[in-house]
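# Analysis of the macromolecular model
What follows is the residue order along each chain.
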Amino acid sequence: MMQKSPTTTNEQHITQDYFAALDIGSNSFHFVLARKIGEHLQILHSEKYRVKLAQGLDKDNNLSAEAIYRGVKTLDNIASSAAHIHRENFRIVATHSLRKAKNIETFLQQAAKVFPYDIEIISGHEEARLIYQGVVHHCENFGQQLIIDIGGGSTECIIGNQQEIMTLASLNIGCVSYTQSYFADGLISEEAFKKAIRAAKHEIDSVIKRFKNASWQSAIGTSGTFKNIYKVLNNEGKLPQPFTLKQLYTLKKQLLEYRHYHELNIDGLKEDRQELICAGVAIAIALMECLEINALDYCQYALREGVLYEQLENLTLTHINNNTRQRSVNNLAMRFNVDQTQVSIIQNVLKIWLTQVENKWVLSSPVYTELLMFAAQLHELGIDINPSGYQKHGQYILTHSDLAGFNQEQQQALAWLVGNQRKKITPLTQYQWYLLNPESLKQICSLLRLAILLSQQRQDDTISPVASVNVSSQSLTLQIDQHWLLNRPIVDTELFYEQAAIATLGIDLKTSIDDSTAADF
């Protein structure tokens, strides 16, 4: 792992005021550097690296050794350029190709040797949300907008009105994957265009009704494919204008004058975009035809700027409810009528217990405290579905929900915590963990289970004075008031059986009875 050089006074100032984002895309890696000025970000520099990860995915979704090498080498170069940026100010998100790669662990392990920053794998819907953030905060908008991003492996479509997203989708359509499937060996033909357009329309069919019902007043394309098309179609114009479907048909006709992408000689078309232009045009035609888009404008801002903006938002908004993840959890709790009084009882207990374990359990990252509190807030998410097995229903809901602000691993961890708050515990070994420490997840799970168990009488808000915890690396001792426990025989019985359950987490649960009568219960 790369060692940082000693920090000078000037560099300390830089780490506080400078932010960076990296979008690890299927075709290119996009790096952007910005400076915080007041409550705004000034973008100072951006860089694009053609890595072509998607070209390295085989039919079984394994990344080739060559693709992994290209990606890791690029990350090594970026690490050198970003050495002066504080870790917390540099966020890296990976999209379609790493989402799909079955051997992602190999890629991440090799990357960790040269790139000392966390790489977050985000879902397609989270990618779409961040793309919208990047566009809406840098482009004037009036009324509802449709924003489309054709990437190397997926296409994101979002409808929103200013800061509010109305609907979004991530489609399995990409210019790299479609180039491999329909324009193999660089050959250009009418039949290839027909097959590519038909395949894209088949994917788009699933969202047509939803998107048309939402409606929009203007449409904007972003990222490399649309930038390429936009520049070609506006090559002769002094003032760039949105392009129409008719212009796309004309561009398609131009492309069909050539048999191979190496032969392309079209004004405004860069050499490094020749290989992907046919697939990009085919996908754009399918989108404009299916969604009946009259004209499509272009915005240069996209996912990476959305990541930057969210970093600034989470930094400047101090109230917890303004955190993107917290807002997602609040909305979910409200939608499923979670009992907030019960949540408060459990969270208050956990806050006290966290102070009692902080010196002996390694929960140094704020993400563990946040996940624990979120799990407490959502632990009864599935209770209206089935009161006896509500924890598993809650886990299912969280696994399949669109949780804005969560990367895939955080969402997986939250779902696991809710699903294992009671009864049998599913081993963490069934999941893959890169950024989160399984031992820390086991520790907060044990705290969550005990807090919920002791709070099961619901009206009882006296837990904090009668129960405390003392821990070592592999054990947890629950110190509990004898008189309080005698009045709750069900809790006493369940604590006995809980020892065996928590033992599966590798934690030895012990109960220490305090017979003092400090309070009358």
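Residues numbered from 1 in each chain as written. Predicted model: local features only at pLDDT ≥ 70, side-chain atom pairs only at ≥ 80, totals over all residues. Heavy atoms only, no water.

### Details of the overall build of the protein
- Assigned secondary structure in the protein consists of 20 helices and 14 strands.
- Over its C-alpha trace the protein gives a radius of gyration of 26 Å, about what one expects of a compact globule, namely 24 Å for 521 residues.
- When its C-alpha atoms are laid out on the principal axes, the protein stretches across 90 × 55 × 45 Å.
- Of all 521 residues assigned to the protein, the portion counted as buried reaches 53%.
- Contacts spanning at least 24 positions in sequence make up 72% of the contacts within the protein whose residues lie at least 6 apart.
- About 24,100 Å² of surface is accessible on the protein, with carbon and sulfur atoms providing 48% of the total.
- Positive and negative charge centroids in the protein, built from 47 and 55 side chains respectively, lie 6 Å apart. (Helix = DSSP H or I, 4+ residues; strand = E, 2+ residues; numbered from the N terminus. Rg over C-alpha atoms; globule rule 2.2 N^0.38 Å. Buried < 20%, exposed > 50% of the residue type's maximum accessible area, 1.4 Å probe, protein only. Contact = heavy atoms within 4.5 Å. Areas by Shrake-Rupley, 256 points an atom, 1.4 Å probe, with all protein chains shown as cover. Lys, Arg positive; Asp, Glu negative; His and termini not counted. Charge placed at Lys NZ, Arg CZ, Asp CG, Glu CD.)

### A closer look at the pattern of salt bridges
- Applying the stated criterion to the full structure yields 17 salt bridges.
- Ionic pairing is found between Glu 127 and Arg 99, a salt bridge with its closest N-O pair at 3.1 Å. Within this pair, whereas Glu 127 is found in helix α5 (residues 124-136), its partner Arg 99 is found in helix α3 (residues 96-100), the two being separated by 28 residues in sequence.
- Classification of Glu 127 as buried rests on a relative accessible area of 7%.
- For Glu 305, the salt bridge identified is with Arg 304, shortest N-O distance 3.6 Å.
- What emerges from the salt-bridge pattern is a single network uniting Arg 91, Glu 120, Glu 126, Arg 129 and Glu 310. (Salt bridge = Lys/Arg side-chain N within 4 Å of Asp/Glu carboxyl O.)

### Considerations on helix α4 (residues 104-112)
- Those residues of α4 not exposed but buried are Ile 104, Phe 107, Leu 108 and Ala 111. Seen along its axis, α4 keeps its buried residues to an arc of 95 degrees; they face one direction.
- In this structure, the buried side of α4 is in contact with α2 (65-81), α3 and β5 (119-121). (Arc of directions from axis to C-beta.)

### Observations regarding the environment of Ala 500
- Take Ala 500: it is sitting in helix α20 (residues 489-503).
- Spatially, the C-alpha atom of Ala 500 lies 21 Å from that of Leu 350, the residues being 150 residues apart in sequence.

### As for the side chain of Asp 481
- Mapping Asp 481 onto the fold places it in strand β13 (residues 475-481).
- Although buried, Asp 481 forms no salt bridge, and the nearest oppositely charged side chain, Arg 488, lies 7.3 Å from it.
- Looking at Asp 481, its side chain comes within polar contact range of the main-chain nitrogen of Trp 484, at 2.9 Å. (Polar contact = N/O pair within 3.5 Å; in protein donor to acceptor, adjacent residues only side chain to side chain.)

### Focus on the packing of helix α12 (residues 324-335) against helix α14 (residues 366-377)
- In contact at an axis separation of 10 Å, α12 and α14 are set at 10 degrees when each is read in the N-to-C sense. If you check the angle between α12 and α14, you find them roughly parallel. Like other packed secondary-structure pairs, α12 and α14 cross with a definite hand, here right-handed. Residues Arg 325, Gln 326, Val 329, Asn 330 and Ala 333 of α12 lie in contact with α14, whose contacting residues are Glu 370, Phe 374 and Gln 377. (Axes fitted to C-alpha atoms, helices over the stretch in contact; angles between N-to-C directions. Parallel < 35°, antiparallel > 145°, perpendicular 65-115°, else oblique. Left-handed = near helix turned anticlockwise from the far one by under 90°.)

### Considerations on the pairing of strand β11 (residues 295-299)
- Sheet analysis places strand β9 (residues 218-222) next to β11, joined by three bridges and oriented parallel. Among the inter-strand pairings, Ile 220 is bridged to a residue of β11, identified as Asp 297.
- Where strand β10 (residues 243-244) meets β11, two bridges bridge the pair, whose relative direction is antiparallel. Bridge pairing in β11 places Thr 244 opposite Ala 295. (Pairing = 2+ DSSP bridges.)

### Brief notes about the nonpolar core
- Counting residues in each nonpolar core, the largest one holds 64 residues, and the members touching the most others are Leu 350, Trp 353, Leu 371, Leu 441, Leu 454 and Leu 476.
- For this core, the element with the highest residue contribution is helix α17 (residues 438-454), accounting for ten residues.
- Excluding its chain neighbours within four sequence positions, the residues that come into contact with Trp 353 are Leu 447, Leu 450, Ala 451, Leu 454, Ala 467, Ser 468, Val 469 and Leu 478.
- Counting residues in hydrophobic clusters, the runner-up holds 58 residues, among them Ala 192, Ile 277, Ile 285 and Tyr 298. (Core = buried A, V, L, I, M, F, W, Y, C linked by side-chain atoms within 4.5 Å.)

### So, the sheet that holds strand β7 (residues 155-161)
- Read across the open sheet, the six strands follow the order β8-β7-β6-β9-β11-β10; overall the sheet is mixed. The open sheet terminates on both sides in strands that have one partner only, identified here as β8 (164-171) and β10.
- The sheet strands contacting helix α8 (residues 223-233) are β6 (144-150), β9, β10 and β11, and the helix crosses β11 at an angle near 115 degrees.

### Brief notes about empty space enclosed by the protein
- Summed over the entire model, instances satisfying the criterion amount to one cavity of 30 Å³ or more.
- Along the walls of the largest cavity sit Glu 439, Lys 442, Gln 443, Ser 473, Gln 474, Leu 505, Gly 506 and Ile 507, which together make up its complete lining.
- The class makeup of the residues in the lining of the largest cavity is two nonpolar, four polar and two charged. (1 Å grid on protein atoms, 1.4 Å probe; cavity = no way out; pocket = protein on both sides within 12 Å on 5 of 7 lines; lining within 4 Å. Points joined across faces, edges and corners; volume = space filled by probe spheres on them. Nonpolar A, V, L, I, M, F, W, Y, C, P; charged D, E, K, R; others polar.)

### Focus: the packing of aromatic side chains
- Under the defined criterion, the tally for this structure stands at eleven aromatic pairs.
- Geometrically, the ring pair formed by Phe 90 and Phe 115 is edge-to-face, given 6.1 Å between the ring centres and 75 degrees between the ring planes. Taken together, the positions of Phe 90 in strand β4 (residues 90-94) and Phe 115 in the loop between α4 and β5 put the pair 25 residues apart, joining distant regions of the chain. By the burial criterion, Phe 90 is buried, and Phe 115 matches it.
- Three or more aromatic residues joined by ring pairs make a cluster, and in this case those are Phe 31, Phe 90, Phe 115 and Tyr 117. (Phe/Tyr/Trp six-rings, centres within 6.5 Å; stacked < 30°, edge-to-face > 60°.)

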